[in-house]
Amino acid sequence: MVVPACVQAMQPGRAGRAVVLCVAALGAVLGLSPAVQAVALGVIAAQDREACPAVWSVPALLLSVLFPAQTFVVLAVLPVLFWSALVRRPDGGQEGGAFSAVMGILGVSLVWHAPTAVSAELVAGLGAAVIGLLGRSVLGACRPGDLGLLRPVLLMVLVVAAQAEGLAVCARIALEATLLDLSLLVLTAALVRVFPVLSVLRLPFPPLPGLVVLWLGIHAALGMAAGVEGWSVLGVAVALLLGLLGLSDILVVGRVFRAWQGRVSGVSVLLVGAGSLLLPALVFGMVSPVLHFVGGEWVWPVWRMGGGDGASLRLPAFVLTGAVLWCVLVRPWRVVGGIVQTASTLLPALGNLLSVGDGLFEEAPSLGWKMRCVIVAGRRRFRALGGVKAPVLPDLRQGAVGLWLVLLGLVLAVLGVMA
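Source: prediction; values computed, not measured.

### What to know about the overall build of the protein
Working step 1: Each helix and strand in the protein was counted, giving 17 helices and two strands.
Working step 2: Relative to its 419 residues, the protein shows a buried fraction of 46%.
Working step 3: The long-range fraction of contacts in the protein, counting pairs at least 24 apart against all pairs at least 6 apart in sequence, stands at 75%.
Working step 4: For the protein, the exposed surface amounts to about 20,800 Å²; the carbon and sulfur share of it is 69%.

See the structure below:
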């Protein structure tokens, strides 16, 4: 039932397709086995004609059926998921919209259903991908895609690694950050077309929920570094990588602000305030039974949040106290426009501040002669490879479900004969 819902919701002109897609993908996270998930990935990937090339995606998806728990298969499928958002990023300010949010959720599901994969290799692969994409953007003078889509996958790697090492508290903290980050992706994908201001919720600034995700993720990574032998350097590297992904969110939100030129509505301001005040508590409260099962503690962060190592983030207390003082002292209901007028004044300045980092990608850096020779030689090799005629697949979006099921059936039949 999940796969047809995703296929139908991806058709253009469908109202509410973002919500349907994200809910269907969340069902995949909760209930699908690795083999069924491979079917869902194949069908959904076939709907995007600007996705990863078929010469890579088809073998990777078939290998995910044959070897669902292998590290190299997980790393091979990740480009299939995030190619559109990271390599062929759309020119619009939505950064892929609902499709990118679905791919992020399915990436988390991919790691969750592969608990035997080597976590250190997954972290190394994700780190190399982030550094490679940033290097490509700097050298090619092009802005990077939404690298923050890789953060939930990285956090889920921490969850699986902590559970394998018996660190239940660290796994719970990483799972909290993962679920809150996925909630932010779903919320922005579903409502950013109507309320673009909601994209600021992803920023790692207080009192926004993006800061909670970054804080919890860093504490989970440092907890792994302190509690597991062999993770001393790797845990610190994960913490630095999370900080780098947080900085990339600033570029993404800055692009959304530049693409959107309009008046700030009162509903948008109320949604941002409610998200900053209630979203962490609502997300952690609804999934508190799962968090209790993983880490042995009920989580309802109305006043403060724990980092698992004795540290506490009193951001909810700060937000609640500030909101009460503001209501008592300012009395915004007596001012015409109130906070809406203030937000209309401050948001353009915030957009200009967030766009400062784009100066890094305005022009390619000046490199030495030897480095330029190496780059030119590499470009010639890639052009030679690009001249090779590759098979062009017809538009199979209408029959994607049947075609992928036929391919999967052939693979399973071969496995049955070999067994």
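Now that the structure has been shown, the text picks up again.
### Observations regarding the side chain of S119
Working step 1: Locating S119 in the fold gives a position in helix α7 (residues 119-140).
Working step 2: Once residues lying within four places of it in the same chain are set aside, the contact partners of S119 are V157, A161 and W231.

### Quick look at the side chain of S137
Working step 1: Summarising the element assignment, S137 is placed in helix α7.
Working step 2: At 3.0 Å, the side chain of S137 and the backbone oxygen of L133 are in polar contact.

### Topic: the nonpolar core
Working step 1: By size, the foremost hydrophobic cluster in this structure holds 91 residues, and its most contacted members are F82, L158 and W231.
Working step 2: Apart from the residues lying within four places of it in its own chain, the contact partners of F82 are V87, M103, G104, L149, L150 and V153.

### Comments concerning helix α8 (residues 151-165)
Working step 1: Counted at 1.5 Å a residue, the expected span for α8 with its 15 residues is 21 Å, and the 21 Å between its end C-alpha atoms agrees.
Working step 2: Among the 15 residues that make up α8, twelve are buried, leaving the element largely enclosed by the rest of the structure.
Working step 3: Directly beyond the C-terminal end of α8, a positive phi value near 80 degrees is found at G166.

### Points about unusual backbone geometry
Working step 1: Put simply, P206 and P207 share a cis peptide bond, and its omega is 5 degrees.
Working step 2: With respect to the element layout, P207 can be found in the loop between α9 (168-191) and α10 (209-227).

### A closer look at the confidence of the model for the protein
Working step 1: Across the protein, pLDDT averages 75, with 63% of residues at or above 70.
Working step 2: By mean pLDDT, helix α1 (residues 2-9) is the weakest element of the protein at 52, and α8 is the strongest at 92.
Working step 3: Within the model, pLDDT remains below 50 along residues 90-95, and this stretch shows twelve contacts once partners closer than five positions in the same chain are excluded.

### Some details on the pattern of salt bridges
Working step 1: All chains considered together, the criterion is met by five salt bridges.
Working step 2: With its nearest N and O atoms 2.8 Å apart, the salt bridge here joins D181 to R151. In this pair, D181 is assigned in helix α9 and R151 in helix α8, connecting sequence segments 30 residues apart.
Working step 3: Take D181: its relative accessible area is 1%, and that puts it in the buried class.

### Thoughts on a nonpolar patch on the surface
Working step 1: The grouping of V324, L325, V328 and L329 at the surface amounts to a nonpolar patch, some 420 Å² of accessible area in total.
Working step 2: Looking at the element boundaries, V324 is found in helix α14 (residues 315-330).
Working step 3: Overall, the relative accessible area of 51% leaves V324 in the exposed class.

### Things to note about the environment of L149
Working step 1: Mapped onto the elements of the fold, L149 is located in the loop between α7 and α8.
Working step 2: In this structure, L149 is in contact with F82, A85, S100 and L185, ignoring residues within four places of it in sequence.

### Overview of the environment of V319
Working step 1: You can see V319 is positioned in helix α14.
Working step 2: Classification of V319 by relative accessible area gives buried; the value is 13%.
Working step 3: On a C-alpha basis, the gap between V319 and L208 in space is 9.5 Å, while along the polypeptide they are 111 residues apart.
Working step 4: Every residue in contact with V319, bar those within four places of it in the chain, is listed here: P207 and L277.

### A look at the packing of α7 against α8
Working step 1: Across the interface, α7 lies against α8 with an axial gap of 10 Å and an inter-helix angle of 165 degrees. Taken together, α7 and α8 sit at an angle that is classed as roughly antiparallel. As for how α7 packs across α8, the hand of that crossing is left-handed. Counted together, S119, L122, V123 and L126 of α7 and V153, L154, V157 and A161 of α8 form the full contact between these two elements.
Working step 2: For the contact of α7 with α8, the residue count by class is seven nonpolar, one polar and no charged.

### Considering the packing of α10 against helix α11 (residues 232-259)
Working step 1: Where α10 contacts α11, the two axes come as close as 7 Å, and the packing angle between them is 170 degrees. As summarised for this structure, α10 and α11 are arranged roughly antiparallel, according to the angle between their axes. Counting all contacts with α10, which are made through L214, G217, I218, A221, L222 and A225, the residues of α11 involved are S232, G235, V236, V238, A239, L242 and G243.
Working step 2: For the contact of α10 with α11, the per-class residue count stands at nine nonpolar, four polar and no charged.

### Digging into the environment of L313
Working step 1: Assignment of secondary structure puts L313 in strand β2 (residues 312-313).
Working step 2: Between the C-alpha atom of L313 and that of V212, which follows or precedes it by 101 residues, the distance is 8.2 Å.
Working step 3: Residues contacting L313, with those up to four places away along its chain left out, are V212, W215, R304 and M305.

Reading the values: the criteria
- Here the residue numbering is sequential within each chain, running from 1 through the sequence in written order.
- Local features are withheld for residues below a pLDDT of 70 in this predicted model, meaning they are given only at 70 or higher, and side-chain atom pairs are given and counted only at 80 or more; totals for whole chains, interfaces and linings count all residues.
- Neither water nor hydrogens contribute to the side-chain values; these are computed over all heavy atoms in the structure.
- Here a helix means four or more residues in a row that DSSP labels H or I, a strand means two or more in a row labelled E, and each is numbered from the N terminus.
- Think of it in three bands: residues with accessible area under 20% of the maximum for their type are buried, residues over 50% are exposed, and the middle band is partly exposed, with areas taken using a 1.4 Å probe on protein chains only.
- In what follows, a contact means two residues having at least one pair of non-hydrogen atoms within 4.5 Å.
- Note on areas: these come from Shrake-Rupley sampling with a 1.4 Å probe, and a residue is covered only by the protein chains present in the view.
- Two N or O atoms count as a polar contact when they lie within 3.5 Å, although within protein this holds only if one can serve as hydrogen donor and the other as acceptor, and sequence-adjacent residues are included solely when both atoms are side-chain atoms.
- Residues grouped as a nonpolar core are buried Ala, Val, Leu, Ile, Met, Phe, Trp, Tyr and Cys residues, joined through side-chain atoms within 4.5 Å.
- Take the residue count of a helix, subtract one, and multiply by 1.5 Å to get its expected span.
- Each residue gets a pLDDT score, which is the predictor's confidence in that residue and runs from 0 to 100.
- Salt bridges are counted wherever a side-chain nitrogen of Lys or Arg sits within 4 Å of a carboxyl oxygen of Asp or Glu.
- Patch criteria: residues need more than 30% relative accessible area and no salt bridge. Like-charged residues are merged within 9 Å; nonpolar side chains of Val, Leu, Ile, Met, Phe, Trp and Tyr are merged within 5 Å.
- Note on geometry: axes are C-alpha line fits, over the in-contact stretch for helices, and angles between N-to-C directions span 0 to 180 degrees.
- Angular relationships are summarised with four words: roughly parallel below 35 degrees, roughly antiparallel beyond 145, roughly perpendicular across 65 to 115, and oblique for the angles in between.
- Each crossing gets its hand from how the near helix is turned against the far one by less than a right angle, where anticlockwise is left-handed and clockwise is right-handed.
- The classification used treats Ala, Val, Leu, Ile, Met, Phe, Trp, Tyr, Cys and Pro as nonpolar, Asp, Glu, Lys and Arg as charged, and all other residues, Gly among them, as polar.

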